[in-house]
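Below are the chains, spelled out letter by letter.
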Amino acid sequence: MIAPPVPSAAQAGAKLRDGRLTAARLLSLHRDRIAAVDGRVRAFWAMDPRADDAAARADAELAAGQDRGPLHGIPFAVKDMIDVEGLPTTNGSRAADPAQAARDAEAVRRLIEAGAVPLGKVATYEWGFVGPDPGLAQPPAANPWNLAHVTGGSSSGSAAAVAAGMARLALGSDTGGSIRAPAAYCGVVGVKPTRGRVPGEGIAALSPALDHAGPVAATVAEAALMLDALAPGAGAASRLAGSARGLTLGYARDWFAADPACDAGVRRAMDDAASALSLAGARIVEVPLPDYALMEAAGAVMIHVEGLRRHEASLRTRGHLWGRMATQTVQGGALLTDADLARAEALAPRLAAGVDAALERCDAILTATVLTPAPPFAAFGRGAVWTPMRTLPFNLTGHPALSVPAGLVGGLPVGLQIVGRHGDEAGILRVAAAFEAATGHGVHRPPL
């Protein structure tokens, strides 16, 4: 019989504390599941050699009454753009420095300090750019809902590992939607916190003005626990019990529904999501947001210019080791000037003010994460393919945003995006928890 998906953090935590389970056994259950399904999903590329010692330490501490909190003894995976001590950070590229990282990224350190067990490193699109690129050393991760379809990127392995039941928690990074889009495509929860909320030390930079790090998790509750460990003081888990009753939620429907690229099934799923939250007691009002095309263009300029600056030396000396898609993407920065970058940077505060104005009318904003379900790998046969999303603007403005499962379209997941005021991750997670409870979408798992 195939190894079952690993238990939730709450289920495992209760058993760890009453003696029905050990952290060492829980780690073994994760490894059994990885061995059973990752040959098809291709999320993991390296296992952390410290995992056994970390699990043994968790067992000893819990036995001695030293409880570090709800993540104590719970394994987590790490995107391979984030440093993990003793493993190279390959960024999904043959051109990366093969040296092992000397220390954990600060975000990884915080999870370990909370008692979590480092499980291993998972796939990413090359350097955090576009994909999936079949010409790389590591084959791209596959969507557990349909292995012929992509996961989205660049936190591809993080979302795939969680969706496939190989881990309940994974750490990702997000410059233009790289946590939220894979979460939507794979039917899991992905959180991009407020800019600066989770430290970026030890995480490969793509565009420093847009880069964020955050949780990918199987449920809203697990995402909240992970965020509280990554950003002490966030207080997210303590607010999940609050319902949607009494909240005013802005529905930015025009921001996505009028786009010709928007799948009719996605449009229906978003309308159903707003209706579900209305039935759960929230007041729904339609709100305008700044022009999407302008926001996306400004963010794209920043990614291309800053990406080229970061990688220009590598392209000159090791460009033959780069994949085609990342090369084509980063070279786009050569067509842009410092004046273009300055204009984009100048737009950011004005666009952020437009989102703030919408949030003055409501507690959080609802919109789509992606405009279609995950496309098939076959669509990428000739190179990168534009996948329509609604994520990059909130990297530009710095507002916290998450994606929560919103049902299936054509048998593949799509996500509801919830956006909040700066610093209010707890608020958007509360809304997500109310939506998850009202719909039950979060319990669905792919038929692996």
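Within each chain, residues carry numbers counting from 1 in the order of the written sequence. Totals for whole chains, interfaces and linings use all residues, but because this is a predicted model, local features are given only for residues with pLDDT of at least 70 and pairs of side-chain atoms are given and counted only at 80 or more. To get the side-chain values, all heavy atoms of the structure are used, and hydrogens and water are removed first.

Engineer: Any chance you could break down the overall build of the protein for me, citing the residues and the numbers?
Structural biologist: When you go through the protein residue by residue, the secondary structure sums to 14 helices and 11 strands. If one aligns the C-alpha atoms of the protein with their principal axes, the spans along those axes are about 60 × 55 × 40 Å. Counting the 448 residues in the protein, one finds 61% classified as buried. In what follows, residue pairs with any heavy atoms lying within 4.5 Å of each other are defined as contacts. Across the protein, every contact between residues at least 6 apart in sequence was considered, and the portion connecting residues at least 24 apart equals 78%. The accessible surface values rely on the Shrake-Rupley method and a 1.4 Å probe; as for residues, cover is taken only from the protein chains in view. Here the protein has roughly 16,300 Å² of accessible surface; of this, 54% comes from carbon and sulfur atoms. In this text, helices come from DSSP runs of H or I with a minimum length of four residues, and strands from runs of E with a minimum of two, each type numbered from the N-terminal end. Residue exposure (1.4 Å probe, protein chains only): buried if accessible area is under 20% of the type maximum, exposed if over 50%, otherwise partly exposed.

Engineer: Could you give me a rundown of the packing of helix α10 (residues 292-318) against helix α12 (residues 338-359), with the residues and numbers involved?
Structural biologist: Helix axes are fitted to C-alpha atoms over the stretch in contact, other axes to C-alpha atoms as well, and angles between N-to-C directions run from 0 to 180 degrees. Their axes nearest at 9 Å, the elements α10 and α12 cross at an angle of 135°. As the angle between them shows, α10 and α12 are arranged oblique. Seen along the crossing, α10 lies across α12 with a hand that is left-handed. Contacts from Leu294, Met295, Ala298, Val301, Met302, Val305, Glu306 and Arg309 of α10 reach α12 at Asp338, Asp340, Leu341, Ala344, Glu345, Leu347, Arg350, Leu351 and Val355. In the scheme used here, Gly and all other residues not listed as nonpolar or charged are polar, with Ala, Val, Leu, Ile, Met, Phe, Trp, Tyr, Cys and Pro taken as nonpolar and Asp, Glu, Lys and Arg as charged. Of the residues in the contact of α10 with α12, the class split is 11 nonpolar, no polar and six charged. Throughout this description, any angle smaller than 35 degrees is read as roughly parallel, any larger than 145 degrees as roughly antiparallel, any in the 65 to 115 degree range as roughly perpendicular, and the remainder as oblique. By convention, the crossing between two helices is left-handed when the near helix turns anticlockwise from the far helix through less than a right angle, and right-handed when the turn is clockwise.

Engineer: Describe the confidence of the model for the protein, and please don't skip the residues or the numbers.
Structural biologist: Mean pLDDT over the protein stands at 96; residues scoring 70 or higher make up 100%. By mean pLDDT, the top-scoring element of the protein is strand β2 (residues 75-79) (99), and the lowest-scoring one is helix α11 (residues 324-331) (91). The quantity called pLDDT is the predictor's confidence in a given residue, expressed from 0 to 100.

Engineer: Go over the packing of aromatic side chains, please, and point to the residues and values.
Structural biologist: Each pair of aromatic rings taken from Phe, Tyr and Trp, with Trp reduced to its six-membered ring, is defined by centres within 6.5 Å and is described as stacked if the planes are under 30 degrees apart, edge-to-face if over 60, and tilted in the remaining cases. Counting across every chain of the model gives four aromatic pairs. For the ring pair Trp255 and Phe394, a centre distance of 5.5 Å and an interplane angle of 45° mean the geometry is tilted. Separated by 139 residues along the polypeptide, Trp255 in helix α8 (residues 254-257) and Phe394 in helix α13 (residues 392-397) bring together distant segments of the chain. Taken as a pair, Trp255 and Phe394 share a single burial class, namely buried. Feature note: the residues Trp255, Tyr292 and Phe394 constitute an aromatic cluster, connected by ring pairs. Placement of a positive charge over a ring is assigned whenever Lys NZ or Arg CZ falls within 6 Å of the ring centre and within 35 degrees of the normal to the ring plane. Here the basic side chain of Arg390 rests over the ring of Tyr292, its NZ or CZ set 3.8 Å away from the ring centre.

Engineer: Break down helix α4 (residues 106-113) for me, with residues and values.
Structural biologist: All buried positions along α4 are accounted for by Glu106, Ala107, Val108, Leu111 and Ile112. Those residues of α4 that are buried are in contact with β2, β3 (117-122), β4 (169-174) and α7 (220-230). Of the residues flanking the end of α4, it is Gly115, one or two places downstream, whose phi is positive at about 95°.

Engineer: Could you give an account of the nonpolar core, with specific residues and numbers?
Structural biologist: Nine residue types can take part in a nonpolar core, namely buried Ala, Val, Leu, Ile, Met, Phe, Trp, Tyr and Cys, and a core is a set of them joined through side-chain atoms within 4.5 Å. Residues Leu277, Leu416, Ile418 and Leu429 are the most contacted members of the largest nonpolar core, which totals 106 residues. When residues no more than four places from it in sequence are discounted, the contact partners of Ile418 are Ala364, Ile365, Leu366, Pro400, Ala401, Leu402, Val404, Ile428, Val431 and Ala432. Core analysis: the second largest hydrophobic core is formed by 38 residues, Trp255, Met302, Val305 and Leu396 among them.

Engineer: Lay out the packing of α7 against helix α14 (residues 425-439) with the relevant residues and their values.
Structural biologist: Orientation of α7 relative to α14, taken along the N-to-C sense of each, is 165°, at an axis distance of 9 Å. By the criterion of interaxial angle, the relationship of α7 to α14 is roughly antiparallel. Every pair of crossing elements has a handedness; the one defined by α7 and α14 is left-handed. Where α7 approaches α14, its residues Val220, Ala223, Ala224 and Leu227 are matched on the opposing element by Glu425, Leu429, Ala432, Ala433 and Glu436. Counted by class, the contact of α7 with α14 contains seven nonpolar, no polar and two charged residues.

Engineer: Go over the side chain of Arg33 with me, naming the residues and quoting the values.
Structural biologist: For Arg33, the location among the structural elements is in helix α2 (residues 23-41). Asp38 is the oppositely charged side chain nearest to the buried, salt-bridge-free Arg33, at an N-O distance of 9.4 Å. Looking at Arg33, its side chain comes within polar contact range of the main-chain oxygen of Ala3, at 2.7 Å. Discounting chain neighbours no more than four positions away, the residues touching Arg33 are Ile2, Ala3, Pro4, Pro5, Val6, Asp38, Ala164, Gly165, Met166 and Leu448. Only four residue types enter the tally: Lys and Arg on the positive side, Asp and Glu on the negative side, with His and both chain ends excluded. Note on definitions: salt bridges are taken to be side-chain nitrogens of Lys or Arg within 4 Å of carboxyl oxygens of Asp or Glu. For the purposes of these results, a polar contact is taken to be a pair of N or O atoms within 3.5 Å, where, inside protein, one atom must be able to donate a hydrogen and its partner to accept one; residues adjacent in sequence count only when each atom of the pair is a side-chain atom.

Engineer: Before we move on, can you summarise the environment of Pro446 with the specific residues and values?
Structural biologist: With respect to the secondary-structure elements, Pro446 resides in the segment after α14. For the pair Pro446 and Arg253, spaced 193 residues apart in sequence, the C-alpha separation works out to 28 Å. Beyond its immediate stretch of four places on either side in the chain, Pro446 contacts Pro144, Trp145 and Ala163.

Engineer: Go over unusual backbone geometry with me, naming the residues and quoting the values.
Structural biologist: Following Gly131, the chain continues to Pro132 via a peptide bond in cis, the omega torsion being 0°. For Pro132, the location among the structural elements is in the loop between β3 and α5 (156-163). Of the consecutive residues Gly153 and Ser154, the connecting peptide bond is found in the cis state with omega at 5°. Backbone geometry at Arg42 places phi at a positive 65°, although glycine is not the residue there. By relative accessible area, which is 27% here, Arg42 ends up partly exposed. Of note in the backbone geometry, Trp127 takes a positive phi value of approximately 60° without being a glycine. By the element assignment, Trp127 lies in the loop between β3 and α5.

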